[in-house]
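Listed below are the residues making up each chain.
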Amino acid sequence: MTWKTDYHIHTSFSDGKAAPEDYIAAALAAGISEIGFSEHLSIFKENQTWCMNPDNVQNYIGYINNLKKNTKTIVIKTGLEIDFIPGREKEIGQFLDNLILDYRIGSVHYLGEKTVDLGPEFYEGKNIDSLYESYFELVIGAVSSGLYDIIGHCDLIRIYGFKPTFDPELLYRKLARAMKKYDVTFELNTNGRNRPLGDFYPDRRFLHIFREENVPVCVNSDAHFPSRVGQYFNEAYELLRSAGYTEMAVFNNRKRKMKPFNLLNS
Ligand SMILES: [Zn+2]
Ligand SMILES: [Zn+2]
């Protein structure tokens, strides 16, 4: 059986809809070998209902570590999905350095004061070309900050299907080169299939660029419901294989190892 990891999971500690135990049961049923929790954390944005309160982080880590200790049927990892806020790298780093995590997912949800994924209104009347450029610039900022091990949904700006007038290939090339340079992993995030976009992040047309630049990858569901753990993973691994990938990144205490995946045996 193929070893499958799912490192991007939201429970009721942030905006997920069930307790960690429910996701573990769902992961076992979905044939996942390793499940990692990654609650939303946005250190400088107050009162965001979708984020965990920073005061609750140690409690969350303790809770997951306890599950880790007492669960023999599946490997459990402790992570966070932390917003990248440009100009605040130092404070984010200081906050995170006190936490013992298996990995840190860095994500860009905010473009200015607003998040890009809370409704299509954000895009209406705006210059989509500039939004794309600004979004990729921020993601490259997150990559080169050195704060993160994995970048979440690296082209979330596609979520409502607004397209730039130019071919964004060069943006993906720049991003992939930065990821290689700073030794950061990207995720094939299957949750875009459940959003208006109707497909994975990143854009499948550019997956070969990440392969050519030799950027490590992992497959994640970004599940907010237990039923979505490991969703569309066979298709995701097949897609990665067709782009030339044969191995995926696994994390332990923020150390990355590569593990082969073999669809033929799944
Ligand atoms: Zn996210
Ligand atoms: Zn997420």
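Just so we're clear, the structure is a prediction, and the values are computed from it rather than from any experiment.

Scoring rules and cut-offs
Residues numbered from 1 in each chain as written. Chains lettered and ligands numbered in written order. Predicted model: local features only at pLDDT ≥ 70, side-chain atom pairs only at ≥ 80, totals over all residues. Heavy atoms only, no water. Helix = DSSP H or I, 4+ residues; strand = E, 2+ residues; numbered from the N terminus. Rg over C-alpha atoms; globule rule 2.2 N^0.38 Å. Buried < 20%, exposed > 50% of the residue type's maximum accessible area, 1.4 Å probe, protein only. Donors = N, O, S within 2.8 Å, 3.2 Å for Na, K, Ca; no water. Phe/Tyr/Trp six-rings, centres within 6.5 Å; stacked < 30°, edge-to-face > 60°. Lys NZ or Arg CZ within 6 Å of the ring centre and 35° of its normal. Tetrahedral: all angles 85-135°; square planar, octahedral: opposite > 155°, others 65-115°. 1 Å grid on protein atoms, 1.4 Å probe; cavity = no way out; pocket = protein on both sides within 12 Å on 5 of 7 lines; lining within 4 Å. Points joined across faces, edges and corners; volume = space filled by probe spheres on them. Nonpolar A, V, L, I, M, F, W, Y, C, P; charged D, E, K, R; others polar.

Caption draft 1: Highlighting the overall build of the protein. Counting secondary structure elements, the protein contains seven helices and 11 strands. In summary, the protein has a C-alpha radius of gyration of 17 Å against a globular reference of 18 Å for 266 residues, a match within 12%. C-alpha atoms of the protein, sized along the principal axes, occupy 50 × 45 × 30 Å. Residues classed as buried in the protein amount to 57% of the 266 residues present.

Caption draft 2: Molecular detail of the coordination of the zinc ion (ligand 1). For the zinc ion (ligand 1), every protein donor is listed as Glu 81 (OE), His 109 (NE2) and His 153 (NE2), and the spread of their distances is 2.1 to 2.2 Å. In this structure, the zinc ion (ligand 1) lies 3.3 Å from the zinc ion (ligand 2), and both are coordinated by Glu 81. Remark: His 153 occurs in the loop between strand 7 (150-151) and helix 5 (169-181) and Glu 81 occurs in strand 3 (residues 75-83); sequence separation between them is 72 residues. Its relative accessible area of 3% is what places His 153 among the buried residues.

Caption draft 3: Layout of the packing of aromatic side chains. The final tally for this structure, using the stated rule, is 19 aromatic pairs. Between Phe 84 and Tyr 148, the aromatic rings sit 6.5 Å apart at their centres with planes inclined by 80 degrees, giving edge-to-face as the arrangement. Here Phe 84, found in the loop between strand 3 and helix 3 (89-97), pairs with Tyr 148, found in the loop between helix 4 (128-144) and strand 7; they are 64 residues apart in sequence, far enough to count as distant. The buried category is assigned to Tyr 148, whose relative accessible area is 4%. The positively charged end of Lys 126 is found above the aromatic ring belonging to Phe 122, 4.2 Å away from the centroid. Directly above the ring of Trp 3 sits Lys 259, whose terminal nitrogen or CZ lies 4.7 Å from the centroid.

Caption draft 4: Expanded view of the coordination of the zinc ion (ligand 2). Coordination of the zinc ion (ligand 2) by the protein involves His 8 (NE2), His 10 (NE2), Glu 81 (OE) and Asp 222 (OD), with metal-donor separations of 2.0 to 2.3 Å. Taken together, the four donor atoms coordinating the zinc ion (ligand 2) span angles of 80 to 167 degrees at the metal, a pattern that classifies the geometry as irregular. Counting the intervening residues between successive donors of the zinc ion (ligand 2) yields the motif H-x1-H-x70-E-x140-D.

Caption draft 5: Examining the layout of surface pockets more closely. Its boundaries defined by the atoms lining it, the largest pocket holds a volume of some 310 Å³. Per-class residue counts for the lining of the largest pocket are six nonpolar, six polar and six charged. In this structure, the second largest pocket occupies an estimated 200 Å³ of space. Counted by class, the lining of the second largest pocket contains seven nonpolar, one polar and six charged residues.

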